[in-house]
Amino acid sequence: MDEKIDSHLPLSTASLHILLALAGEDLHGYGIMQEIARQSEGIYRLGPGTLYDNLQKLIQRAWVQELGPRRGDDDPRRRYYRLTDGGRDVLRAETARLTQVVREARSRLRIPNPGRI
Amino acid sequence: MLRRLYRCAVRLHPSSFRRRFGDEMQYIFDQQRGTPAALAVMLDCVLSLLRQWTLRAHVGFDLVPAPLRSPTSDHIPSFDSLDKFQPRPSAMIHGALLSLILLYMTVFAVPYSWMHVLNLHIPEAGNPNQHLSRHSEKSSAHLQVDVIPTEADDPHSKSIASSSPRIHAAVLPPRRAAILLDQYVGKYISKHPPANISIQIEDYRAERLSLSMAAAGHLSLAPSPVSPGRVFVIVGAQNSYVDFTADAQGRICSLSLVLNGKVITAQRQ
């Protein structure tokens, strides 16, 4: 794993969910909030303050790119965001780390692998 | 109403954050349906506000690391700590506003402190003993600071008090407070209406005097928070107080007792 990426891990819950929401497509802020709520089945909901606080951090680290408003959009206040290649690498690294955690937890708790059921 | 509050909260964010995300935050607030959802977003905005000013205060500045200077002749590297860091005007305004609010709150809270540590009197210039007169409180020349320390025999306190003649009792041990109260002690006689008033010290530490008069019995007097050196309020009585007057030498020469709407002026014996 890249040491530079490794130094940023583990990601905060909000950052992880934002990167995950943007992994599929470019979204505006409200769309990110809705996507996170959908992915977590309504368990984890971000407020706009938390969302933009984390987005600011992610943009600074060049993991997310701001695209600005889209032509023909319903509301000109909406700006779209895109996951950068660097952000995708970080998300992959975090996913690998979490996979390792899950594997270890399954082993310790003797939970059968879902693939073998 | 809530929308206006939310807009205010968004505007209180650092300018770089507000310019970049303020409109979108407002848009998301507008998408909320129902008061509970709007309140949740409002709460989140307030938390974001705290986070931005405390944890992310550096964001928005182009921080340039201080350049490492080459070693000097003594081979000790020197660092330039005054880099090109310049706070934004909005941050300066916010800081000034917060400072003013804190200053106002502190000044407002001082008279309500349970322990009057600092008791400032501003006597007239050229006659430091006139600090109790009505006129002297309007003019300012120098400060008299009465501080009640915890240690009665602090040698440092004595040295300060003796070495600074313009500061009366700069740091006073407890018995020094009694000396200040001593100047009020004595007999005061009124002719119209006839009355004999006696002033005694009731409690040194609490700066309490006691007033004895045949018609009123014993009354406890506490320094007025407004004019502690001159006016003493009667404890447990409303709109009743004793106003002491000093002569040209600063000696207490008379008092005016206002009790139950009646005024008795008595001269000191």
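Provided above is the structure to which this section pertains.
Residues numbered from 1 in each chain as written. Chains lettered and ligands numbered in written order. Predicted model: local features only at pLDDT ≥ 70, side-chain atom pairs only at ≥ 80, totals over all residues. Heavy atoms only, no water.

### Structural notes on the overall build of chain B
Operational definition: Labels follow the DSSP assignment, with helices taken as runs of H or I lasting at least four residues and strands as runs of E lasting at least two, numbered in each case from the N terminus. Here's how the labels work: a residue is buried when its accessible area is under 20% of the maximum for its type, exposed when over 50%, partly exposed in between, all with a 1.4 Å probe on protein chains only. Pairs of residues are marked as contacts when any of their non-hydrogen atoms sit within 4.5 Å. Surface exposure here means Shrake-Rupley accessible area, sampled with a 1.4 Å probe, where a residue is shielded only by the protein chains that are shown.
When its secondary structure is counted, chain B shows six helices and 10 strands. Sorting the 269 residues of chain B into buried and exposed places 35% on the buried side. Of the contacts formed within chain B by residues at least 6 apart in sequence, a portion of 42% connects residues at least 24 apart. Accessible area of chain B: about 17,000 Å², with a carbon and sulfur share of 62%.

### Overview of the environment of Arg45(A)
Residue and element names in this part refer to chain A. Within the secondary structure layout, Arg45 lies in the loop between helix 3 (29-39) and helix 4 (48-60). The class for Arg45 is exposed, based on a relative accessible area of 63%. Taking C-alpha positions, Arg45 is 9.9 Å from His17, a pair spaced 28 residues apart along the chain.

### Re the nonpolar core
As a reminder, the rule being used: Only buried residues count toward a nonpolar core. Its members are Ala, Val, Leu, Ile, Met, Phe, Trp, Tyr and Cys residues joined through side-chain atoms within 4.5 Å.
Formed by 40 residues in total, the largest nonpolar core has its most connected members in Ile18(A), Leu19(A), Ile32(A), Leu51(A), Tyr52(A) and Tyr81(A). Elements supplying a minimum of two residues to this core: helix 2 (13-24), helix 3, helix 4, strand 3 (80-83) and helix 5 (85-109) of chain A together with helix 1 (2-11), helix 2 (15-31) and helix 3 (35-54) of chain B. Setting aside its immediate chain neighbours within four residues, Leu19(A) contacts Leu11(A), Leu58(A), Trp63(A), Val64(A), Leu83(A), Gly87(A), Val90(A) and Leu91(A).

### Here's the deal with the interface of chain A and chain B
To keep it simple, the criterion reads: Take the accessible area each of two parts loses on contact, using a 1.4 Å probe, and add the two losses: that sum is the buried area. Salt bridge criterion: a side-chain nitrogen from Lys or Arg within 4 Å of a carboxyl oxygen from Asp or Glu. The definition of a polar contact used here is a pair of N or O atoms within 3.5 Å, where within protein one atom must be able to donate a hydrogen and the other to accept one, and adjacent residues in sequence count solely through side-chain atom pairs.
Facing the 20 residues of chain A at the interface are 22 residues of chain B. Ranking the residues of chain A by area buried against chain B places Tyr52(A), Gln56(A) and Arg77(A) at the top, with a combined share of 34%. Across the contact surface, chain A and chain B share three salt bridges. Viewed at the interface, chain B and chain A are joined by 12 residue pairs in polar contact (both at pLDDT 80 or more). Mapped onto the side of chain A that touches chain B, the elements with two or more residues apiece are helix 3 and helix 4 of chain A.

### Thoughts on the sheet that holds strand 3 of chain A
All names here are of chain A. Inclusion rule: Any two strands between which DSSP finds at least two bridges are classified as paired.
If you trace the three strands from one edge of the open sheet to the other, you get 1-3-2, paired in antiparallel fashion. On the outer flanks of this sheet lie strand 1 (27-28) and strand 2 (64-68), each paired with one strand and no other. Note that strand 2 and strand 3 share four bridges and pair antiparallel. Of the residues in strand 3, the one forming a bridge with Gln65 is Arg82.

### Observations regarding the packing of helix 2 of chain B against helix 3 of chain B
Packed helix pairs are characterised by how far apart their axes lie and by the angle those axes make with each other. Residues and elements named next belong to chain B. The criterion, for reference: Axis lines are fitted through C-alpha atoms, for helices just across the contact stretch, and the angle between N-to-C directions can take any value from 0 to 180 degrees. Angle categories are assigned with fixed cut-offs, so that under 35 degrees is roughly parallel, over 145 is roughly antiparallel, 65 to 115 is roughly perpendicular, and the rest are oblique. In a left-handed crossing the near helix is turned counterclockwise from the far helix by less than a right angle, and in a right-handed crossing that turn is clockwise. Three residue categories are used. Nonpolar comprises Ala, Val, Leu, Ile, Met, Phe, Trp, Tyr, Cys and Pro, charged comprises Asp, Glu, Lys and Arg, and polar comprises the others, including Gly.
Relative orientation of the contacting elements helix 2 and helix 3 amounts to 165°, with a least axis distance of 11 Å. Classified by the angle between their axes, helix 2 and helix 3 sit roughly antiparallel to one another. Crossing geometry of helix 2 relative to helix 3 is assigned as right-handed. Here Phe17, Met25 and Phe29 of helix 2 lie close against helix 3, whose contacting residues are Ala38, Val41, Cys45, Ser48 and Gln52. The residue inventory of the contact of helix 2 with helix 3, partitioned by class, reads six nonpolar, two polar and no charged.

### Things to note about helix 3 of chain A
A large share of helix 3 of chain A lies buried, amounting to eight of its 11 residues. Residues of helix 3 of chain A that are buried in the fold lie against helix 2, strand 1, helix 4 and strand 3 of chain A together with helix 2 of chain B. Just past helix 3 of chain A, the residue Glu41(A) takes up positive phi, approximately 55°.

### A few points about a nonpolar patch on the surface
Residue and element names in this part refer to chain B. To keep it simple, the criterion reads: By definition, no residue in a patch forms a salt bridge, and every one has over 30% relative accessible area; like charges are joined within 9 Å, nonpolar side chains (Val, Leu, Ile, Met, Phe, Trp, Tyr) within 5 Å.
Nonpolar side chains collect at one region of the surface, where Leu97, Leu98, Ile101, Leu102, Tyr104, Met105, Phe108 and Tyr112 lie side by side and expose about 950 Å² of accessible area between them. Among the structural elements, Leu98 can be located in helix 4 (residues 89-109). With a relative accessible area of 56%, Leu98 lands in the exposed category.

### Some details on the environment of Phe244(B)
As for its placement among the helices and strands, Phe244(B) is situated in strand 8 (residues 241-246). Separated by 21 residues in sequence, Phe244(B) and Thr265(B) have C-alpha atoms that sit 9.7 Å apart.

### A word on the pattern of salt bridges
Using the criterion set out here, one finds 13 salt bridges over all chains in the structure. The shortest N-O distance in the salt bridge between Asp30(B) and Arg77(A) comes to 3.1 Å. With Asp30(B) in helix 2 and Arg77(A) in the loop between strand 2 and strand 3, this pair bridges two chains. When its relative accessible area of 24% is taken as the criterion, Arg77(A) is described as partly exposed. Between Arg92(A) and Asp89(A) there is a salt bridge whose closest N-O contact spans 3.1 Å. Highlighted residues: Arg92(A) and Asp89(A), both in helix 5, separated by three residues, approximately one helical turn. Of the residues examined, Arg92(A) reaches a relative accessible area of 52% and is grouped as exposed. A relative accessible area of 34% places Asp89(A) in the partly exposed class. Linked by salt bridges that have partners in common, Asp75(A), Arg77(A), Arg3(B) and Asp30(B) make up one network.

In short, geometric facts, not functional conclusions.
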